[in-house]
2 protein chains.
Amino acid sequence: MKQIDLMKELHVPSDKKILMLVLDGLGGLPNKYGKTELEAARTPNMSKLCKDSICGLATPVATGITPGSGPGHLGLFGYDPLEYQIGRGVLEALGIGLSLTPKSLAARGNFCTLDPATGVITDRRAGRIATEKCAELVKKLKPITLEGANIVVEPVKDYRFALILEGDGLEEGLSETDPQKTGLKPLQVEPLHADAKKSAQLLNAWIEKAFAVLKDEKPANGCTLRGIAKDPGLPSYKQVYGLKACAIATYPMYKGLARLVGMDVLDAGETLASEVSTLKEFWAKYDFFFFHVKKTDSAGEDGNFDDKVKVIEETDALIPEIMALKPDVVLITGDHSTPSAMKSHSWHELPVLLHADNIRKDGTVEFGERACMAGGLGHIRHVDLMPLVMAHADKLTKYGA
Amino acid sequence: MKQIDLMKELHVPSDKKILMLVLDGLGGLPNKYGKTELEAARTPNMSKLCKDSICGLATPVATGITPGSGPGHLGLFGYDPLEYQIGRGVLEALGIGLSLTPKSLAARGNFCTLDPATGVITDRRAGRIATEKCAELVKKLKPITLEGANIVVEPVKDYRFALILEGDGLEEGLSETDPQKTGLKPLQVEPLHADAKKSAQLLNAWIEKAFAVLKDEKPANGCTLRGIAKDPGLPSYKQVYGLKACAIATYPMYKGLARLVGMDVLDAGETLASEVSTLKEFWAKYDFFFFHVKKTDSAGEDGNFDDKVKVIEETDALIPEIMALKPDVVLITGDHSTPSAMKSHSWHELPVLLHADNIRKDGTVEFGERACMAGGLGHIRHVDLMPLVMAHADKLTKYGA
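The present account deals with the structure reproduced in this document. (Residues numbered from 1 in each chain as written. Chains lettered and ligands numbered in written order. Predicted model: local features only at pLDDT ≥ 70, side-chain atom pairs only at ≥ 80, totals over all residues. Heavy atoms only, no water.)

**Observations concerning a negative patch on the surface**
Residue and element names in this part refer to chain A.
No. 1: On the surface, a cluster of negative charge is made up of Glu 301, Asp 302, Asp 306, Asp 307 and Glu 314.
No. 2: Considering every element that reaches the negative patch, the biggest residue donor is helix H12 (residues 305-323), with three residues.
No. 3: Here Asp 302 shows up in the loop between helix H11 (295-301) and H12.
No. 4: Residue Asp 302 is classed as exposed on the basis of its relative accessible area, which comes to 58%. (Patch = residues over 30% accessible without salt bridge, like charges linked within 9 Å, V, L, I, M, F, W, Y side chains within 5 Å. Areas by Shrake-Rupley, 256 points an atom, 1.4 Å probe, with all protein chains shown as cover. Salt bridge = Lys/Arg side-chain N within 4 Å of Asp/Glu carboxyl O. Lys, Arg positive; Asp, Glu negative; His and termini not counted. Charge placed at Lys NZ, Arg CZ, Asp CG, Glu CD. Helix = DSSP H or I, 4+ residues; strand = E, 2+ residues; numbered from the N terminus. Buried < 20%, exposed > 50% of the residue type's maximum accessible area, 1.4 Å probe, protein only.)

**Some thoughts on the interface of chain B and chain A**
No. 1: Taken together, the 24 residues of chain B in the interface contact 30 residues of chain A.
No. 2: A buried area of about 2,100 Å², summed over both sides, lies between chain B and chain A, and 61% of it is on carbon and sulfur atoms.
No. 3: Summed over the shared surface of chain B and chain A, the result is zero salt bridges.
No. 4: Across the contact surface, chain B and chain A share 11 residue pairs in polar contact (both at pLDDT 80 or more).
No. 5: For the side of chain B that touches chain A, the secondary structure elements donating two or more residues are helix H1 (3-10), strand S13 (378-381) and helix H14 (385-392) of chain B. (Contact = heavy atoms within 4.5 Å. Buried area = accessible area lost by both parts, 1.4 Å probe. Polar contact = N/O pair within 3.5 Å; in protein donor to acceptor, adjacent residues only side chain to side chain.)

**Regarding the pairing of strand S2 (residues 53-59) of chain B**
Residues and elements named next belong to chain B.
No. 1: Most of S2 is tucked away: seven of the seven residues are buried.
No. 2: Along S2, one buried face is formed by Ser 53, Cys 55, Leu 57 and Thr 59 and the opposite face, lined by Ile 54, Gly 56 and Ala 58, is buried too.
No. 3: Bridge count for S2 against strand S12 (residues 350-355) is six bridges, and the pairing is antiparallel. Bridging from a neighbouring strand, Cys 55 pairs with Leu 353 of S12. (Pairing = 2+ DSSP bridges.)

**Notes on the environment of Leu82(B)**
Residue and element names in this part refer to chain B.
No. 1: Mapped onto the fold, Leu 82 is located in the loop between helix H4 (69-76) and helix H5 (88-95).
No. 2: A residue is classified by how much of its surface remains accessible, and Leu 82, at 56% relative accessible area, is exposed.
No. 3: Spatially, the C-alpha atom of Leu 82 lies 8.5 Å from that of Ala 62, the residues being 20 residues apart in sequence.
No. 4: Beyond its immediate sequence surroundings of up to four residues, Leu 82 is in contact with Val 61 and Ala 62.

**Description of the packing of H4(B) against helix H9 (residues 252-260) of chain B**
Helix packing for two helices is described by the angle between their axes and how far apart those axes are.
Residue and element names in this part refer to chain B.
No. 1: Here H4 crosses H9 at 45°, and the two axes come no closer than 10 Å. Classified by the interaxial angle, the pair formed by H4 and H9 is oblique. Between H4 and H9 lies a crossing of right-handed hand. On the side of H4, the interface is formed by Ser 69, Gly 70 and His 73, while H9 contributes Met 253, Tyr 254 and Leu 257.
No. 2: Of the residues contributing to the contact of H4 with H9, the split by class is three nonpolar, three polar and no charged. (Axes fitted to C-alpha atoms, helices over the stretch in contact; angles between N-to-C directions. Parallel < 35°, antiparallel > 145°, perpendicular 65-115°, else oblique. Left-handed = near helix turned anticlockwise from the far one by under 90°. Nonpolar A, V, L, I, M, F, W, Y, C, P; charged D, E, K, R; others polar.)

**Focus on the side chain of Lys17(B)**
Residue and element names in this part refer to chain B.
No. 1: On the secondary structure map, Lys 17 appears in the loop between H1 and strand S1 (18-23).
No. 2: Asp 287 provides the closest opposite charge to the buried, salt-bridge-free Lys 17, at an N-O distance of 7.0 Å.
No. 3: Among the polar contacts listed, one links the side chain of Lys 17 to the backbone oxygen of Trp 283, at a separation of 2.8 Å.
No. 4: In contact with Lys 17, not counting residues within four places along its chain, are Trp 283, Ala 284, Tyr 286, Asp 287, Phe 289, Pro 327, Asp 328 and Val 329.

**A few points about H1(B)**
Residues and elements named next belong to chain B.
No. 1: Residues of H1 that are buried include every one of Ile 4, Leu 6, Met 7 and Leu 10, and no others. Viewed end-on, H1 has its buried residues packed into an arc of 160°, placing them on one side of the element.
No. 2: Looking at the packing, one finds that the buried side of H1 touches helix H8 (237-241) and H14. (Arc of directions from axis to C-beta.)

**Concerning the pairing of strand S10 (residues 288-293) of chain B**
Residues and elements named next belong to chain B.
No. 1: Among the six residues that make up S10, six are buried, leaving the element largely enclosed by the rest of the structure.
No. 2: By the alternation rule, side chains of S10 split into Phe 288, Phe 290 and His 292 and Phe 289, Phe 291 and Val 293, which are all buried.
No. 3: The pairing of S1 with S10 spans six bridges and is classified as parallel. By the bridge assignment for S10, Met 20 is matched with Phe 290.
No. 4: In this structure, strand S8 (residues 245-248) lies alongside S10, joined through four bridges in parallel fashion. Across the sheet, Ile 248 pairs through a bridge with Phe 291, a residue of S10.

**Observations concerning the packing of helix H10 (residues 272-281) of chain B against helix H12 (residues 305-323) of chain B**
Residue and element names in this part refer to chain B.
No. 1: Direction vectors running N to C along H10 and H12 enclose 20°, while the axes themselves pass 11 Å from each other. In terms of their interaxial angle, H10 and H12 are classed as roughly parallel. In the packing of H10 onto H12, the handedness of the crossing is right-handed. Contact residues: Leu 272, Val 276, Leu 279 and Lys 280 in H10; Glu 314, Thr 315, Leu 318, Glu 321 and Ile 322 in H12.
No. 2: Split into classes, the residues belonging to the contact of H10 with H12 amount to five nonpolar, one polar and three charged.

**Structural notes on the sheet that holds strand S11 (residues 329-333) of chain A**
Sheets are built from strands that pair by backbone hydrogen bonding, the pairs being arranged parallel or antiparallel.
All names here are of chain A.
No. 1: Spatially, S9-S8-S10-S1-S11-S12-S2-S13 is the arrangement adopted by the eight strands of the open sheet, whose pairing is mixed. Because the sheet does not close on itself, it has two edges, and the strands there are strand S9 (264-265) and strand S13 (378-381).
No. 2: Contacts between H12 and the sheet are confined to strand S1 (18-23), strand S10 (288-293), S11 and strand S12 (350-355), with S1 contributing the most and set at about 170° to the helix.

**Structural notes on the pattern of salt bridges**
No. 1: By the definition in use, this model includes 43 salt bridges over all chains.
No. 2: Note that Asp394(A) is salt-bridged to Lys16(A), the shortest N-O span being 3.2 Å. Of this pair, Asp394(A) sits in the segment after helix H14 (385-392) while Lys16(A) is found in the loop between helix H1 (3-10) and S1, placing the two residues 378 residues apart along the sequence.
No. 3: Classification of Asp394(A) as partly exposed rests on a relative accessible area of 38%.
No. 4: The closest approach of N and O atoms between Arg42(B) and Glu313(B), which form a salt bridge, is 3.2 Å. Of this pair, Arg42(B) sits in the loop between helix H2 (37-40) and helix H3 (44-50) while Glu313(B) sits in helix H12, and the two are 271 residues apart along the sequence.

**Looking at the nonpolar core**
No. 1: Residues Ile332(A), Phe77(B), Tyr79(B), Tyr237(B), Met263(B) and Phe288(B) are the most contacted members of the largest nonpolar core, which totals 106 residues.
No. 2: With seven residues, the single largest contributor to this core is H12(A).
No. 3: For Phe288(B), the contacting residues outside a window of four places in its chain are Ile18(B), Met20(B), Tyr237(B), Leu243(B), Lys244(B), Ala245(B), Cys246(B), Met263(B) and Met386(B).
No. 4: Met7(A), Leu74(A), Phe288(A) and Ile359(A) belong to the second-largest nonpolar core, a separate cluster that totals 54 residues. (Core = buried A, V, L, I, M, F, W, Y, C linked by side-chain atoms within 4.5 Å.)

**Some details on the environment of Gly25(B)**
All names here are of chain B.
No. 1: When you line up the elements, Gly 25 lands in the loop between S1 and H2.
No. 2: As a C-alpha pair, Gly 25 and Thr 333 span 308 residues in sequence and 9.1 Å in three-dimensional space.
No. 3: Not counting the four nearest positions on each side in its chain, Gly 25 is found in contact with Asp 297, Lys 308, Asp 335, His 336, Ser 337 and Thr 338.

**A look at the environment of Val90(B)**
Residues and elements named next belong to chain B.
No. 1: Note that Val 90 resides in helix H5.
No. 2: Taking the relative accessible area as the measure of exposure, Val 90 reaches 0% and is therefore buried.
No. 3: Non-local contacts of Val 90, meaning those with residues more than four positions away in its chain, are made with Leu 100, Ala 106, Gly 227, Ala 229, Lys 230, Asp 231, Pro 232 and Leu 260.

**A word on the packing of aromatic side chains**
No. 1: In this structure the tally under the stated criterion is 24 aromatic pairs over all chains.
No. 2: Between Phe161(A) and Trp206(A), the aromatic rings sit 6.1 Å apart at their centres with planes inclined by 45°, giving tilted as the arrangement. Within this pair, whereas Phe161(A) is found in strand S6 (residues 160-166), its partner Trp206(A) is found in helix H7 (residues 197-214), the two being separated by 45 residues in sequence.
No. 3: Overall, the relative accessible area of 0% leaves Trp206(A) in the buried class.
No. 4: Taken together, a centroid distance of 6.2 Å and an interplanar angle of 80° make the contact between Tyr286(B) and Phe289(B) edge-to-face.
No. 5: Look at Tyr286(B) and you get buried, because its relative accessible area is 8%.
No. 6: Here Phe289(B) falls in the buried class, since its relative accessible area comes to 0%.
No. 7: An aromatic cluster is defined as three or more aromatic residues linked by ring pairs; in this entry it consists of Phe77(A), Tyr79(A), Tyr84(A), Tyr237(A), Tyr241(A), Phe288(A) and Phe290(A). (Phe/Tyr/Trp six-rings, centres within 6.5 Å; stacked < 30°, edge-to-face > 60°.)

Structural data, given as structure tokens:
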């Protein structure tokens, strides 16, 4: 029996509340003093929590695999990321609050700069134009129509926009048009199987019209489409876990991921403080809270060890306020590692802290990568965390007689 | 998505070099002083390497399963040994440099001694005749022809030879003819399904002709066929990992295994010293080196604790010369355990040492079974080692957006 089906079958109601605190890109690597970002950070509140917790190290997707944000979060949410795959276009669309139907096909669009004479791409991100400029260009693209599909096009951030076609017979399985380097022309959308032909034709027709509209713009006189995909139709948190779940996040991608599994996405403002206010405000209304901290990952991607330490410390400082709400089960981890030494996501395991009733305290005294190596959870997979959290919240009944 | 497919999709080039040092049958059990062979061995160089490594214990096939050399190595190479199975006949043929096509069926042959009066086997290995005698007998078998198949027969070592039939409609799924004990007659080859009937008929016809040829020989007046199989058609290291890989081994079986996954098999002589010379000579030409040490296993099989210790020490002594080549990723482990206390392969986990950039040093100070129990890799499966090694060599890109 698959884990998702097991959860569907075994979940039972309880009045316990679960908080999943995700510090994006939490895992790190040692600096020259031999400490990771988390180990170097002063985290007295997490350390205090450790004393009544069980810790371990978690693998997001599979050993050696570096996850993108999508697979990283799907694993945390208990959906095997090697089984459920989400196109970037879908994430981008959901992240800005667009809704998808089973007839929708979503793409991530990037404005780019084309050489007017040869048509080759000279800047794949059109000089990273401002979001305002992006919105202005998208406004010009909105009037484009196609026979056989409704079109939604909306700005996302900087040079990025979301494109959704909705109509009958639109299937995924389509190549991207970004040639991945400058000096080459944008590619055509190619169907990867016969069922996707209609989608390819429509997308290519849209691109042709868009290029005509953008022709005289500077610097964004072209665009590319990537990650063209449909909503994978994941079973919802309500169906799988019986949970009334919400997401508290500041960044579109993570709101989109939460929507994919049917969480309510709360308006949580832009800061850690506003996220905590949102948590407090809605504490009575939900039994599962996905609380997302973005800037650990951003600092890691920037290679800024100290900034990552700072974000961890800022998050730690909020723990007393969060714990005052008396969550029954608290899970603290990340969706993947982003060691500042690597300036990128990585495959390294994530430290995990589980605080709840009925745990076997493992004596971990500090929340850090090496301390967690010896933790009582051992080496655990991300997909196994939700069943564990559900069990500690008295929300799973016995399997078999 | 399966791991092999994930590797095919995610691998990217890098100029880093990977060395996989396999001490065959490395894992052991404690002697009366409480130390395993590896723990008893003086291995200052491996201990030194430990300080900049992460260690753990690896399971070759599955918990409690004792692997043969084939499954043991397939796991190390990243091919799930429960999914990919290789007949002994195939290994034997490839190990002596014979090539197989999709139309080939390969068997391992054993010369044996039959009682001339009753036809029962009196010695399943014909007194372990010398390789020269084996070659002489095989020469007499070469003229045998069959309608419907070409035949290749070649000596391997001692009483063992390889037989290959090549023709249309030859399928595997065939019983062996060795009754596994003396006092019984050799069995007929039986087809295990209808598609294998033709193969069974041809093999039985060949056996009849071979027995006629061998009739008056002493002591090898008969033979048995085992492990009759086709090349499983494994995807190559180039396809799966994008690696230019070579094998440095002294024993046919391991050369054969390496060929199965498309590694170049280098002429590495007969000794550890000649293997290291070969490694140096070809260092510039490959990016993956499978370096095989056979005699740890042979000593274990012989129940010779001290000899196994000695081979481990000899291998340790070569580490500085190997590290002078500056490999970017070094993995040291074995294909399975061969505790000298058991005089056989066993199911026990293998100590693993991974030395590379971007590791989380785990503080292991000695390379040994008990030290590795507390290592940062925890308990890992053999098939997960290649993805990890690939990640540390910067040869895997991100999974998902």
